[in-house]
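A look at the structure
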Amino acid sequence: MHTNDKIAPLKGVRVLELGNFIAAPTAGRMLADFGAEVIKVERPGTGDELRSWRLHPGSTTSMLFHTINRNKKSITLDLRTEEGRDAVRALAADCDVILENFRPGTIERWGIGPDVLTEINPSIVIGRISAFGQTGPLSSRPGFAAVAEAMGGFRNLVGDPDRAPVRVGVSIGDSIAGVYAAYGVMMALFQREQRRGAGLEPAPLEERVIDVALNEAMFSMMESLIPDYQAHGVVRERVGGRMEGIAPTNAYVCADGKSVVIAGNADAIFVRFMGIIGRDDLAGDPGLATNNLRWDRRDELDAAIGAWTATLPAEEVLDILDDAGVPSGPIYTAEDISESPQYAARDMIQKFDVADGDQTVEGVGFPGIVPVLGGASLPIRTLAPQLGQDTEAVLAAYAGHAQREQRDDNRTQLDDDSKVETR
């Protein structure tokens, strides 16, 4: 296994993660994966609710939690108390980044909003993720990714046209929002270093607050959905396994019952593809010479391709298409990915023994770190921490240090004031 732990471009960056569930923790995971020290704040007693999501019999911490909160530290603070909020303020003095995904206005009510944090640390970067953003008429509304995916235009395009829209099998809205938050944080940190190098003061607070809305994160993935509508009046509809305006590309069932994905939509590839399946008549049809024309006859093309794949097992179909340079691939299950030599070659599945309750599950594979640096996935340093395992050490090292500095500053100020009064 690839073990290059010297590649850590974010080493020295300290992040305080106040978020829970998936969105902000995904951003924290991305930063932690590349060397940042991410301190995850959890509720005393229960911790992040994700610890118990998709929890299987006999386990105490979900594999989902381990996946999203790897490479982090865990401390417990009750942010509903002044003591907990004092600790956050003290920790902020020694952190580069704060991540949070509470409903807008929550951390302001707690006295740990951006205005307060930037007074404590004038260069701090604050990544904020919420359902609809920090401003606008919907900003105060709660909402999970399911709602954001629907309101971002995504859900309406997923599924078959004669059925209700469906949801994909992962929390894609949360994850994409987390990626955007990590990107925004890195953008702000880059700007910070540029300004420092030029001898400038930190950027204004509004440039250091990264405001990510779940619905906007999904909306940004919708390609030309709005321009097509506003310029041409085109309303995109669900098209099942196809892609609107592109043909032929779909999933096709093979003789052994397995399905494969084939994307034979480029003009030159289409001609080769039709020759392979014995349909020279379609290859030479001027009514199929361009993608737009092929889209109009997509049902005919899918029927021809499906008739061919139905005569051969999936592996043979893919071998033939690969030899001919037609993009295609199998539809992988978890078992397929686990056994894939391609994933293994890039260390994209990294195995750990997981202590879970009264048992230890040996050799559990976890998804590797993306993007790849140095030829293969960087190694995952640790799985998710136990609830609060780092509280004492972190507070002693950082919060205690900051509080001591504050006391020293107060003493200095008192001494100065005393000197002024005696003159």
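Up top is the structure.
These remarks concern the structure in this document. (Residues numbered from 1 in each chain as written. Predicted model: local features only at pLDDT ≥ 70, side-chain atom pairs only at ≥ 80, totals over all residues. Heavy atoms only, no water.)

What follows deals with the sheet that holds strand β8 (residues 259–263). On the basis of which strands lie adjacent, the open sheet formed by three strands has the order β7-β8-β9 and antiparallel pairing. Two strands bound the open sheet, and with one partner strand each, they are β7 (249–253) and β9 (328–330). Adjacent strand axes in the sheet meet at a mean angle of 25° when their direction is disregarded. Here three bridges tie β8 to β9, and the two strands are oriented antiparallel to one another. (Pairing = 2+ DSSP bridges. Helix = DSSP H or I, 4+ residues; strand = E, 2+ residues; numbered from the N terminus. Axes fitted to C-alpha atoms, helices over the stretch in contact; angles between N-to-C directions.)

Let's shift gears to the pattern of salt bridges. Per the stated rule, a full pass over the model turns up 25 salt bridges. Taking the shortest distance from any N to any O, the salt bridge between K40 and E17 comes out at 2.8 Å. On the criterion of sequence distance, the pair formed by K40 in strand β2 (residues 37–42) and E17 in strand β1 (residues 14–17) is long-range, its members being 23 residues apart. Residue classification places K40 among the buried positions, given a relative accessible area of 0%. Here R167 ties to E149 by a salt bridge, and the two come within 3.3 Å at their closest N and O atoms. With R167 in the loop between α6 (145–151) and α7 (172–197) and E149 in helix α6, the pair connects residues that are 18 residues apart, well separated along the chain. Judged by its relative accessible area of 0%, E149 falls in the buried class. (Salt bridge = Lys/Arg side-chain N within 4 Å of Asp/Glu carboxyl O. Buried < 20%, exposed > 50% of the residue type's maximum accessible area, 1.4 Å probe, protein only.)

Among the nonpolar cores identified, the biggest contains 41 residues, and V15, L31, V97, I129 and V185 are the most heavily contacted of them. Elements that contribute at least two residues to this core include exactly α1 (23–33), β4 (97–100), β5 (125–130), α7, β6 (209–213), α9 (214–219), β10 (349–356) and β11 (359–367). At seven residues, the largest contribution of residues to this core is made by α7. Beyond its immediate chain neighbours, meaning those up to four positions away, L31 contacts L10, V15, A36, L99, A182, V185 and M186. Judged by nonpolar contacts, the second largest core, of 23 residues, contains L16, I39, V41 and V88. (Core = buried A, V, L, I, M, F, W, Y, C linked by side-chain atoms within 4.5 Å. Contact = heavy atoms within 4.5 Å.)

Two quantities define a packed helix pair, namely the angle between the axes and the distance from one axis to the other. The geometry of α1 relative to α7 is characterised by a closest axis approach of 7 Å and an angle of 50° between their N-to-C directions. Viewed along their axes, α1 and α7 adopt a mutual orientation that is oblique. Two packed elements cross with a definite hand, and for α1 against α7 that hand is right-handed. Mapping the contact onto sequence places A23, T26, A27, M30 and L31 in α1 and D174, S175, G178, V179, A181, A182, V185 and M186 in α7. (Parallel < 35°, antiparallel > 145°, perpendicular 65-115°, else oblique. Left-handed = near helix turned anticlockwise from the far one by under 90°.)

Attention now moves to the pairing of β10. Alternating residues of β10 divide into Q350, F352, V354 and D356, all buried, and I349, K351, D353 and A355, none buried. In the sheet, β10 pairs with β11 via seven bridges, with the strands oriented antiparallel. Note that in β11 the partner of K351 across the bridge is G365.

Residue P248 is reached from A247 by a cis peptide bond, and omega for that bond is -5°. With respect to the helices and strands, P248 occurs in the loop between α10 (225–232) and β7. The amide bond that connects V370 to the next residue, P371, takes the cis arrangement and shows omega of 5°. Mapped onto the secondary structure, P371 falls in the loop between β11 and α18 (391–422). Non-glycine residue F21 carries a positive phi angle of around 65°. Within the secondary structure layout, F21 lies in the loop between β1 and α1. A relative accessible area of 16% means that F21 is categorised as buried. The phi angle at R54 is positive, at roughly 55°, despite the residue not being glycine. Position of R54 relative to the elements: it lies in the loop between β2 and α2 (63–68).

A word on the pairing of β8. The alternating pattern of β8 places V260 and I262 on a buried face and S259, V261 and A263 on a face that is not buried. Here β7 pairs with β8 via five bridges, running antiparallel. In the sheet register, V253 faces β8, and the bridge partner there is S259. Count of turn residues in the β7/β8 antiparallel hairpin: five residues, of which G257 carries a positive phi of about 90°.

Looking now at the side chain of N20. Take N20: it is sitting in the loop between β1 and α1. The class of N20 is buried, set by a relative accessible area of 13%. In this structure N20 touches P25, K40, R43, D48 and N101, once residues within four positions along its chain are discounted.

A few words now on the packing of helix α11 (residues 267–276) against helix α14 (residues 298–309). Between α11 and α14, the least distance of the axes is 10 Å, while the angle of their chain directions is 45°. In terms of axis orientation, α11 runs oblique to α14. Crossing of α11 over α14 shows left-handed handedness. Contacts between α11 and α14 pair F270, F273, M274 and I276 from the former with L301, I305 and W308 from the latter. Residues belonging to the contact of α11 with α14 are distributed by class as follows: seven nonpolar, no polar and no charged. (Nonpolar A, V, L, I, M, F, W, Y, C, P; charged D, E, K, R; others polar.)

So, to be careful, I would describe these as geometric facts and stop short of saying anything about function.
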